[in-house]
Amino acid sequence: MPPPPAGSGQSCLVTGVTGYIGGRLVPELLRAGHRVRCLVRDPRRVRDQPWAADVEVVPADVTRPDTLPAAFEGVEVAYYLVHALGTGRDFEATDRHAAHAFADAARAAGARRIVYLGGLAPAGVPEEELSPHLRSRAEVGRILLSSGVPTAHLRAAVIIGSGSASFEMLRYLTERLPVMVTPRWVRTRIQPIAVRDVLHYLVGAAALPPDVNRSFGIGGPDVLTYRQMMRRYAAVARLPHRAVIPVPVLSPALSSLWVGLVTPVPHTIARPLVESLRYEVVCGEHDIAAYVPDPPEGPTGFDGAVRLALQRIKDADVTTRWSSATLPGAPSDPLPSDPDWSGGSLYEDRRSVRVAADAATLWDVVEGIGGDNGWYSFPLAWAARGWADRLLGGVGLRRGRRDPRRLRVGDALDFWRVEDIVPGRLLRLRAEMLLPGRAWLELTATPDGPHHARYEQRALFHPHGLAGHAYWYSIAPFHALVFGGMARNIAHHAESRASGPEAG
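Note that the coordinates shown come from a computational prediction; the quantities given were computed from them, not determined experimentally. (Residues numbered from 1 in each chain as written. Predicted model: local features only at pLDDT ≥ 70, side-chain atom pairs only at ≥ 80, totals over all residues. Heavy atoms only, no water.)

A.B. asks: Please explain the overall build of the chain as it appears in this structure.
C.D. replies: Counting its secondary structure elements, the chain contains 14 helices and 19 strands. A total of 504 residues make up the chain; the buried ones form 55% of that total. Sequence separation of 24 or more characterises 74% of the internal contacts of the chain that already satisfy a separation of 6 or more. Carbon and sulfur atoms make up 55% of the accessible area of the chain, which amounts to about 21100 Å² in all. (Helix = DSSP H or I, 4+ residues; strand = E, 2+ residues; numbered from the N terminus. Buried < 20%, exposed > 50% of the residue type's maximum accessible area, 1.4 Å probe, protein only. Contact = heavy atoms within 4.5 Å. Areas by Shrake-Rupley, 256 points an atom, 1.4 Å probe, with all protein chains shown as cover.)

Here's what the structure looks like:
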C-alpha cells in the first residue's frame, strides 16, 4: 500500500471483519475518509459485503505469524478486533499467541498505532481472580500496550446493538420469560454502551497523538443492574412488567446452560459472558473525551440504544451479528466438490424435482430457507436435532438469519453457515452442529423449459472414524422423510407462489 497523499485519510488494517464489530467498523472508517485493508483468513467471507469493492482484502491469520508481514505493509493504524472466545479451553493461550504475533508484525512494519477493543475490568479485583474471558482480554491489552507501537486499548462492558451477543441474550431472556428466577448477577451494576458509540470512539482513536499509549474506559451515560436493564428493555419493547427473582443457587456454569436453552447464544459463548457479569463493570474515567469528543448528540442512553436496535431488527437492517464469526475450522477445509478433494468416504443423498415455476421464483424460496421460514420438512425432526445440539453445547437452530430474504457468504443460518452462494442458482451450506464428521447441504435452481425449473439438492457427509460411519447409517432411514420431504415441499412452495394471485 503506497503512502497516502497529503490531506488524505490513513491506511488502516482491520482484523475481525467477519465479526460483529469489525464488520461494522469497516464502512465507518471508509466514511471517515480512511483507506481500509481487511485481514481475513478466507477472502470469500467478505465477497458479498456491500463495502467489498471499496477495500483491499489480504488473506492472513493472526495465529500464523508468517502470513502477517504482507498484511501490514504500508499500514499506519492497525485495529485488533479478534479473540478466541468460544474456541475451547485453550482460548487464553490462543489469544496470547495471536496478540504477540500481531504486535510483532505491527512493530516490524513501522505501524504508527494499534487500536484494540477489550473488556472493561472491575476496579479492585486482581487480574488472576477475573473470569478467563476478562483475564484474557486484559492480558491481550497488556501485550499490545508493551509492543513498542502506541496503542489505544478501549475497554467496554455490555455493548447494546442489534445482533450483539450481549443484546441478544438480554432480548431473549426478557421477551421469553415474563417471570424469571435468576442468578445473583442480575443485581450487579453495569455501564452499557451503544454500538454506535463504540464505533465512534474506534474511528476517532485512529487520530490519537503518538504519545498516547494507554487504556480508556468507554461507556454510555447509564449505570444499571442487569435486572434494571431487563425491565427497561421490556418497557421500550412495550412488554408487560417482568418479575425478576434472584436466587443464590445458580452458578455461572448452570446460568450459562440456562441462557443457552432460552436464548440463541450457545452456552460456550454464554458462559464467559455470564462469568463477566458477576463483576461490577463501571468506567472509572472518561478520559477518551479529551482526545475523541463525544458524539455531537452526546452518548446514547440505554433506552435509546435498545430503541435503535429494535428498529434495526424490525427493518431487517442488521448488518452484522454475533454469529457472523465462524467456528474454528470452518469454512476453510476443502469442499467435496473441489477438484483437490482429499478423498476418503463421502456419503451423499441426492434429490431432483422438476418444478412448475420459473427459476427465479424457485430461487426466492431457496434463498429464504431457514429462520422463521423453517426447512420445509418434518419440523419436529429439525427441532429435535437443534435441541440435541444445544444440550451438547452446539449452536442449535436458534441463530436464525441475519436477513429474512437475502443471504451472503459467511452468514449463519440456524446451525448451518453459508459457504457459497451464486445468486439465482446455487446455495451451499456447511453444517456447524456437533457431528462426528463434516456435512454440507447444497441447493440449486436452474431453468428447465418454458415456465419450469429444476430443483436439485445434495446432502453430503464426510465421516470421522467409526462414529461418523455409524452416525450416517443411523440417520439413513430418515432421509426419505427429511430430505425427500424437503425437496417436495420446496418445489410445492415455489409452484404455489408461481400460481398465486401475485403471479399475474
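Still to come is the rest of the account.
A.B. asks: In this structure, what is going on with the pairing of strand 4 (residues 77–80)? I would like to understand it.
C.D. replies: Put simply, side chains in a regular strand alternate between the two faces of the sheet. Side-chain alternation along strand 4 places Val77 and Tyr79 on one buried face and Ala78 and Tyr80 on a second face that is also buried. Bridging between strand 4 and strand 5 (residues 113–119) involves four bridges; their strand directions are parallel. For Tyr80, the partnering residue across the bridge sits in strand 5 and is Tyr116. (Pairing = 2+ DSSP bridges.)

A.B. asks: Would you take a moment to explain the packing of aromatic side chains for this structure?
C.D. replies: The geometry of an aromatic ring pair comes down to the distance between the two centres and the angle between the two planes. Applying the stated criterion across every chain yields a total of eleven aromatic pairs. Aromatic pair Phe72 and Phe102: ring centres 5.1 Å apart, planes at 65°, arrangement edge-to-face. Of this pair, Phe72 sits in helix 2 (residues 68–72) while Phe102 sits in helix 3 (residues 91–109); the two residues are 30 residues apart in sequence, bridging distant segments of the chain. Exposure class is identical for Phe72 and Phe102. Each is buried. (Phe/Tyr/Trp six-rings, centres within 6.5 Å; stacked < 30°, edge-to-face > 60°.)

A.B. asks: Explanation requested: the layout of surface pockets in the structure shown.
C.D. replies: Vacant regions in the atomic arrangement are exposed by a probe of water-molecule size rolled over the atoms. Looking at the second largest pocket, its volume works out to about 800 Å³. In terms of lining, the second largest pocket is formed by 33 residues, of which the most central are Gly371, Asp372, Gly400, Arg401 and Asp414. Where the lining of the second largest pocket is concerned, the elements lending two or more residues are helix 5 (165–176) and helix 12 (379–391). Broken down by element, the residue count for the lining of the second largest pocket peaks at six residues, all from helix 12. In terms of residue class, the lining of the second largest pocket is made up of twelve nonpolar, nine polar and twelve charged. (1 Å grid on protein atoms, 1.4 Å probe; cavity = no way out; pocket = protein on both sides within 12 Å on 5 of 7 lines; lining within 4 Å. Points joined across faces, edges and corners; volume = space filled by probe spheres on them. Nonpolar A, V, L, I, M, F, W, Y, C, P; charged D, E, K, R; others polar.)

A.B. asks: Before we go on, may I ask you to explain the environment of Glu92 in this structure?
C.D. replies: As for its placement among the helices and strands, Glu92 is situated in helix 3. Overall, the relative accessible area of 16% leaves Glu92 in the buried class. Sequence separation between Glu92 and Arg135 is 43 residues, and the spatial gap between their C-alpha atoms is 8.4 Å. The contacts of Glu92, once residues within four sequence positions are left out, are Pro132, Arg135 and Ser136.

A.B. asks: Sorry if this is basic, but what is going on with empty space enclosed by the protein here?
C.D. replies: According to the stated counting rule, one finds two cavities of 30 Å³ or more in the structure shown. Taken together, Ile160, Pro192, Ile193, Ala194, Gly220, Pro221, Asp222, Thr300, Gly301, Phe302 and Ala305 make up the full set of residues lining the second largest cavity. Only strand 10 (193–194) and helix 10 (302–314) provide two or more residues apiece to the lining of the second largest cavity. Across the lining of the second largest cavity, the residue classes break down as seven nonpolar, three polar and one charged.

A.B. asks: When you look at the sheet that holds strand 2 (residues 35–40) in this model, what are you seeing that I'm missing?
C.D. replies: The strands making up a sheet are joined through hydrogen bonds of the backbone, oriented either antiparallel or parallel. In space, the seven strands of this open sheet follow the order 3-2-1-4-5-6-11, with parallel pairing throughout. Every other strand in the sheet has two partners, leaving strand 3 (56–59) and strand 11 (214–217) as the edge strands with one partner each. Neighbouring strand axes in the sheet, compared pairwise and without regard to direction, differ in orientation by 20° on average. With respect to the sheet, helix 1 (residues 20–31) is in contact with strand 1 (11–14), strand 2, strand 4 and strand 5, its orientation differing from that of strand 1 by roughly 170°. Sheet strands in contact with helix 3 are strand 1, strand 4 and strand 5, and its direction is about 175° off that of strand 4. (Axes fitted to C-alpha atoms, helices over the stretch in contact; angles between N-to-C directions.)

A.B. asks: What should I look at first to understand the sheet that holds strand 19 (residues 453–463) in this one?
C.D. replies: Strand order in this open sheet of six strands is 14-19-18-17-16-15, and the pairing throughout is antiparallel. With partners counted over all chains shown, the strands left at the sheet margins are strand 14 (347–355) and strand 15 (412–413), one partner each. As paired strands, strand 18 (residues 437–447) and strand 19 are joined by eleven bridges and run antiparallel to one another. Looking at the pairing, Trp440 lines up with Leu460 of strand 19. Sheet contacts for helix 11 (residues 359–367): strand 14, strand 16 (416–422), strand 17 (426–431), strand 18 and strand 19; angle to strand 18, the most-contacted strand, approximately 155°.

A.B. asks: Mind showing me how you'd approach the packing of helix 5 against helix 10 here?
C.D. replies: Any two packed helices are characterised by how steeply their axes cross, that is the angle between the axes, and by the distance between the axes. Contact geometry of helix 5 with helix 10 gives a least axis separation of 12 Å together with a crossing angle of 85°. Looking at the two axes, helix 5 sits roughly perpendicular to helix 10. Of the residues in helix 10, those touching helix 5 at Phe167, Glu168, Leu170 and Arg171 are Phe302, Val306, Ala309, Leu310 and Ile313. Its residues placed into classes, the contact of helix 5 with helix 10 shows seven nonpolar, no polar and two charged. (Parallel < 35°, antiparallel > 145°, perpendicular 65-115°, else oblique.)

A.B. asks: Sorry, what's going on with helix 10 here?
C.D. replies: Given 3.6 residues to a turn, an α-helix orients residues that are three or four positions apart in the same direction. With 13 residues, helix 10 ought to run about 18 Å at 1.5 Å a step, and its terminal C-alpha atoms sit 18 Å apart, in line with that. Among the residues of helix 10, those classed as buried are Phe302, Ala305, Val306, Ala309 and Leu310. Along helix 10, the residues classed as buried sweep out an arc of 130° about the axis, all on the same side. Of the residues in helix 10, the exposed ones pointing more than 90 degrees away from the buried face are Arg307 and Lys314. (Expected span 1.5 Å × (residues − 1). Arc of directions from axis to C-beta.)

A.B. asks: Help me understand the side chain of Glu139, please; the structure alone is not making it clear to me.
C.D. replies: Looking at the element boundaries, Glu139 is found in helix 4 (residues 132–145). For Glu139, a relative accessible area of 15% translates into the label buried. Once residues within four sequence positions are removed from consideration, Glu139 is found in contact with Arg96 and Glu127.

A.B. asks: Sorry if this is basic, but what is going on with a nonpolar patch on the surface here?
C.D. replies: The grouping of Phe378, Leu380 and Leu481 at the surface amounts to a nonpolar patch, some 290 Å² of accessible area in total. As for its position among the elements, Phe378 is in the loop between helix 11 and helix 12. (Patch = residues over 30% accessible without salt bridge, like charges linked within 9 Å, V, L, I, M, F, W, Y side chains within 5 Å. Salt bridge = Lys/Arg side-chain N within 4 Å of Asp/Glu carboxyl O.)

A.B. asks: What should I look at first to understand the pattern of salt bridges in this one?
C.D. replies: It is possible for side chains bearing opposite charge to pair when their charged atoms get close. Under the definition given, this model contains 30 salt bridges. Note that Arg47 and Asp48 form a salt bridge whose closest N and O atoms lie 3.2 Å from each other. Using a relative accessible area of 39% as the deciding quantity, one classes Arg47 as partly exposed. Judged by its relative accessible area of 29%, Asp48 falls in the partly exposed class.

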